[in-house]
Amino acid sequence: MSERVMARPSRARGGAQREDGRPAAVPRGRRAGRRLPRWQLLLRYLLLLAVLGLTVGPFLWQLSTSLKGPGEDIYRYPPSLVPHGVTLANYGGVARIIPVWDFALNSLKVAAANVVTNCAGAALAGYALARMRFRGRRAALVVFVMAMLVPVESIMIAQFVTMRELQLNNTLLGVVLPGCIGAMNVLLMRNAFAGLPYEVEEAAFVDGANAWQRFVRIALPSVKGTLAVVAIFAFMGAWDDFLWPLIVLSDQSKFTLTIGLNFLHGTFADNQRLVAAGTVIAVLPLIVLFACLQRYFFRGVGEGAVKG
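Let us look at the structure shown here. Residue positions are given per chain, counted from 1 along the sequence in the order it is written. This being a predicted model, a pLDDT of at least 70 is required before a residue's local features are given, and a value of 80 or more before pairs of side-chain atoms are given or counted; all residues contribute to the totals for chains, interfaces and linings. Side-chain metrics rest on all non-hydrogen atoms present in the structure, leaving aside hydrogens and water.

### What to know about the layout of surface pockets
Next, step 1: Grid points spaced at 1 Å over the protein atoms alone were grouped into cavities, where a 1.4 Å probe fits but cannot get out, and pockets, open sets with protein on both sides within 12 Å along at least five of seven lines, with lining residues defined by an atom within 4 Å of a point. Grid points are joined across faces, edges and corners, and a volume is the space filled by probe spheres set on the points. One number sums up the size of the largest pocket: a volume of about 810 Å³.
Next, step 2: Along the wall of the largest pocket there are 29 residues; nearest its centre are Val152, Pro178, Gly179, Ile181 and Gly182.
Next, step 3: Under the scheme used here, helices are H or I runs from DSSP no shorter than 4 residues and strands are E runs no shorter than 2 residues, and both carry numbers assigned from the N terminus. At the level of secondary structure, the elements contributing two or more residues to the lining of the largest pocket comprise helix H3 (100–131), helix H4 (137–148), helix H5 (156–165), helix H7 (183–194), helix H10 (224–240) and helix H11 (243–248).
Next, step 4: In the lining of the largest pocket, the residues fall into 20 nonpolar, seven polar and two charged. Think of it as three bins: nonpolar holds Ala, Val, Leu, Ile, Met, Phe, Trp, Tyr, Cys and Pro, charged holds Asp, Glu, Lys and Arg, and polar takes everything else, Gly as well.

Pasting the structure below:
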């Protein structure tokens, strides 16, 4: 017995079709590849150039000032971003005035420890809040959210008293400890783990994988973008911090770079070339870190798909 199959009108890949087989009309506002008017395109480029000038302009001016010799006017109008005679003497002058490389090494130790503790601690806490079921999980999540609302300056005295009771004042460990795990980083990791599909972990659970194995082998490799975001934020927060190291540290040999560069603003405030050179030295590690992690950074918290 033969079966009769009624043919249905096929749909083209480009869009829907009518019953007679001809393509249906696409509304004007939904046409693909619609070009913008020239005035809108010009306005967008002007806004982008304005934002670029506000964000990158000050850094370019500092870089140009740090490369100018003593004979050039750094306050001329309009400002000149191209030095007439490029010189690196200002960077050598910073190193002669303050032990800038020792300060940079102290800052690097603090920032590296902050990155390790934040990535490890925030990942563990975020995975527990997103995947594990335990009593008080919602209350713990509320505590992390409320911790973000508390100003750091309001708890700084309590933190200093705690460090003094632990005999950690005037140590780099005392600088690292209060910011070793940030509430924002925990929430970022929690949202990243919550976006992963449950089916993969359920299959691993059926195969006999415990919670630690599921965390290390399945969940953690799938959120590299968020880990890069946490690493960059932790490094920037520790590298640029000024107030807390200034309160905790009293020995000049343990000063971080931000505190050490403050001597340039005080004693040598009239020589802005040295100040600009110190600023470039302080910003350079951040640029290097972002250049190394930008491939993962732009994936961000959207990276949650498991590749098969």
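### Points about the packing of aromatic side chains
Next, step 1: Within 6.5 Å between ring centres, the rings of Phe, Tyr and Trp (the latter by its six-membered ring) count as paired, and their orientation is classed by plane angle as stacked under 30 degrees, edge-to-face over 60, tilted in between. Counted according to the given criterion, the structure contains six aromatic pairs.
Next, step 2: The interplanar angle of 45° and the centroid separation of 6.3 Å between the aromatic rings of Phe103 and Phe255 together place this pair among those described as tilted. Residue Phe103 is found in helix H3, and its partner Phe255 is found in the loop between H11 and helix H12 (257–267); the two are separated by 152 residues along the sequence. Assigned by exposure class, Phe103 and Phe255 land together as buried.
Next, step 3: With centroids separated by 6.0 Å and ring planes inclined at 55°, the aromatic side chains of Phe193 and Phe215 adopt a geometry described as tilted. Of this pair, Phe193 sits in helix H7 while Phe215 sits in helix H9 (residues 211–219); the two residues are 22 residues apart in sequence, bridging distant segments of the chain.
Next, step 4: Feature note: the residues Tyr127, Phe193, Trp212 and Phe215 constitute an aromatic cluster, connected by ring pairs. Throughout this description, buried means an accessible area under 20% of the type-specific maximum (1.4 Å probe, protein chains only), exposed means over 50%, and partly exposed covers the range between.

### Observations concerning the side chain of Thr65
Next, step 1: Note on placement: Thr65 falls in helix H1 (residues 38–66).
Next, step 2: Here, residues are in contact when the closest pair of their heavy atoms is within 4.5 Å. Beyond its immediate stretch of four places on either side in the chain, Thr65 contacts Ile74, Asn90, Gln272, Arg273 and Ala276.

### So, the side chain of Asn106
Next, step 1: Here Asn106 shows up in helix H3.
Next, step 2: There is a polar contact of 3.0 Å between the side chain of Asn106 and the backbone oxygen of Ser253.
Next, step 3: Every residue in contact with Asn106, bar those within four places of it in the chain, is listed here: Leu172, Ser253, Lys254, Phe255 and Thr256. Distance and chemistry together define a polar contact, namely a pair of N or O atoms within 3.5 Å, with one atom able to donate a hydrogen and the other to accept it when in protein, and with adjacent residues in sequence counting only for side-chain atoms on both sides.

### A closer look at a nonpolar patch on the surface
Next, step 1: Think of a patch as exposed residues, more than 30% relative accessible area, with no salt bridge, where like charges cluster within 9 Å and nonpolar side chains (Val, Leu, Ile, Met, Phe, Trp, Tyr) cluster within 5 Å. Surface accessibility in these figures is a Shrake-Rupley result with a 1.4 Å probe; residues are shielded only by whichever protein chains are displayed. Salt bridge, as used here: a side-chain nitrogen of Lys or Arg that lies within 4 Å of a carboxyl oxygen of Asp or Glu. A contiguous nonpolar surface patch, about 730 Å² in accessible area, is contributed by Leu42, Leu46, Leu49, Leu52, Val56, Leu60, Leu81 and Val82.
Next, step 2: Position of Leu60 relative to the elements: it lies in helix H1.

### A look at the nonpolar core
Next, step 1: The biggest cluster of nonpolar side chains holds 54 residues, and the ones touching the most others in it are Val94, Ile98, Met189, Phe193, Trp239 and Leu257.
Next, step 2: Examining the composition of this core, we find that twelve residues originate from one element, H3, more than from any other.
Next, step 3: Setting aside anything within four residues of it in sequence, one finds Met189 in contact with Ala122, Ala123, Gly126, Val223, Thr226, Leu227 and Val230. Joining through side-chain atoms within 4.5 Å is the link that ties buried Ala, Val, Leu, Ile, Met, Phe, Trp, Tyr and Cys residues into a set, and such a set is a nonpolar core.

### A few points about the packing of helix H2 (residues 89–97) against helix H13 (residues 272–297)
Next, step 1: Fitting a line to C-alpha atoms yields each axis, with helices limited to the stretch in contact; the angle taken between N-to-C directions then spans 0 to 180 degrees. Relative orientation of the contacting elements H2 and H13 amounts to 85°, with a least axis distance of 8 Å. Between H2 and H13, the angle is such that the two are roughly perpendicular. For the pair formed by H2 and H13, the contact residues are Asn90, Tyr91, Gly93, Val94 and Ile97 on the first element and Arg273, Leu274, Ala277, Gly278, Val280 and Ile281 on the second.
Next, step 2: Looking at the contact of H2 with H13 residue by residue, the classes come out as seven nonpolar, three polar and one charged. Oblique is the label for any angle not under 35 degrees, not over 145, and not in the 65 to 115 range, which are roughly parallel, roughly antiparallel and roughly perpendicular in turn.

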